[in-house]
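Fold and geometry: a report
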Amino acid sequence: MGGEDIEARIAALIPRLHRFAWVLTGARADADDITQATLERALINKRTFTAETRLEAWVIRVARNLWLDQLRRKKVRAVPLDPVMLGQIHAVGAPDDGETRMEAGEAMRAVQALPPGQREIAVLVLVEGYTYQEAATALQVPIGTVMSRLSRARRALVDLLLGPEGEPAVVLAQGGEL
Amino acid sequence: MSIDDQTLMAFADGELQGEARDAVAAAVAADPVLARRLERFGAVRALLADPLKAAAPPPRDDLLEAARASVAREAATRRMTFQALAAGVAVVVVALGVTLLGRGDGLGHLQPEAPLGGALRMALDDTASGASSGTVMTKVQPLYTVVAADGRRCRAFRAVRGSAAYEGAACRSDGAWRLVVLAPIAKPAGGFTQASGDEPPAVTAAIDALRPGDPLEPAAERALIAAGWRPARE
């Protein structure tokens, strides 16, 4: 595969890669850092990629590993509600629609409350639309692990976003165990 | 019929087929509580995906350029280091690797720059990049083929023998493959599938020092294999 072809394939993945990193981390600067580091790894390894390489799964896996490294380095145990997170969401070119911005803030807060193992799968399946098998391939885990983690994540998300069954959502839980 | 949450979610996500899907559909139709639960599970996807996709900030414009620049800087540093140490450390790495690879198997007792034999030669001669070949003891997978600035055909490869694994490169000259570099790596999990680790820096530096063009397309590589790697220069 020619170098230009592979670089074009890598470049085409940037928007999705960056969004994946943004939802995982909840911060644009972290998403930029993880995306750039992932691109560096992809460029270093580009000679080993072939037409059959599942490049998207490869970059998602690398980005996820970089994120886990970042979490370990920061020794973050819980993600408090980032006071600028909502401000960022307001500022970043979303449609000028107060309801959408509020929903995005609530969605981000709910995702950030999930432990890492559940968060990565919830983001891939529920936000990025991966099938269970695609998520299992990208993260190199058994499909049973995808299903069990997604199940726990989704029950938590349902309670956070819709409130306990039979009650309207009033207060969103904040933070959470990493 | 009792439907657990995991199955109900798989149904909501379109992951069930055939009888399994029909059974859940029938159970949901007959049970309003289950139907309500399914609705809540299904709603989560829209509550997350739509607003987050709408609000996602764009990537910084220069991410790819910054990544290219960073990789180029590192490559330049490695190249300088490699060239400075080429007569010393790199050759030691090669000699050590060859000794380990060559001990008691079909690879023979090789010296740096001596013609390669055994499993390594056979794989480099005949095996397409991405495929693997070898003996019971030694498996070799060519990774890609490039043409060096001086016209030599060079191939990067991965070799696994017992618990040891290596990545290296060899170039074709005077009718034989000659080792350029060989570096130990962690043994790839699951055999020769796409390694998640980076190419060893010594290998990257050695190949960069050849100033190669882009890796050859499969068709061009096949043509060289069919022609016995006989380019104009040999």
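Here's what I pulled together on the structure shown here. (Residues numbered from 1 in each chain as written. Chains lettered and ligands numbered in written order. Predicted model: local features only at pLDDT ≥ 70, side-chain atom pairs only at ≥ 80, totals over all residues.)

A short note on the overall build of chain A
Of regular secondary structure, chain A possesses 9 helices and 0 strands. From first element to last, N terminus to C terminus, chain A shows the α and β order α-α-α-α-α-α-α-α-α. The buried share of chain A, taken over its 178 residues, is 48%. Sequence separation of 24 or more characterises 65% of the internal contacts of chain A that already satisfy a separation of 6 or more. (Helix = DSSP H or I, 4+ residues; strand = E, 2+ residues; numbered from the N terminus. Buried ≥ 20, exposed ≤ 12 C-beta atoms within 10 Å, placed from the backbone. Contact = placed C-beta atoms within 7 Å.)

What about helix H7 (residues 218-226) of chain B?
Burial analysis of H7(B) places just 0 of its 9 residues in the buried class, which makes it a mostly uncovered element. Just beyond H7(B), the residue with positive phi is B:Gly228, at close to 65°.

Some remarks on unusual backbone geometry
Leave glycine aside and you will find that most residues have negative phi; peptide bonds, for their part, are mostly trans. Residue A:Gln140 is not a glycine yet carries a positive backbone phi of 55°. On the secondary structure map, A:Gln140 appears in the loop between helix H8 (132-139) and helix H9 (143-162). Within the chain, B:Arg211 stands out as a residue other than glycine whose phi angle is a positive 50°. Relative to the helices and strands, B:Arg211 resides in the loop between helix H6 (201-209) and H7. Judged by the 11 C-beta atoms lying within 10 Å of it, B:Arg211 falls in the exposed class.

Looking at the interface of chain A and chain B
Facing 55 residues of chain A, the contacting portion of chain B comprises 42 residues. For the side of chain A that touches chain B, the secondary structure elements donating two or more residues are helix H1 (3-12), helix H2 (14-25), helix H3 (28-44), helix H4 (55-74), helix H5 (85-91), helix H6 (98-112), helix H7 (116-127) and H9 of chain A. Sort the elements by how many residues they give to the side of chain A that touches chain B and H9(A) lands first, with 10 residues.

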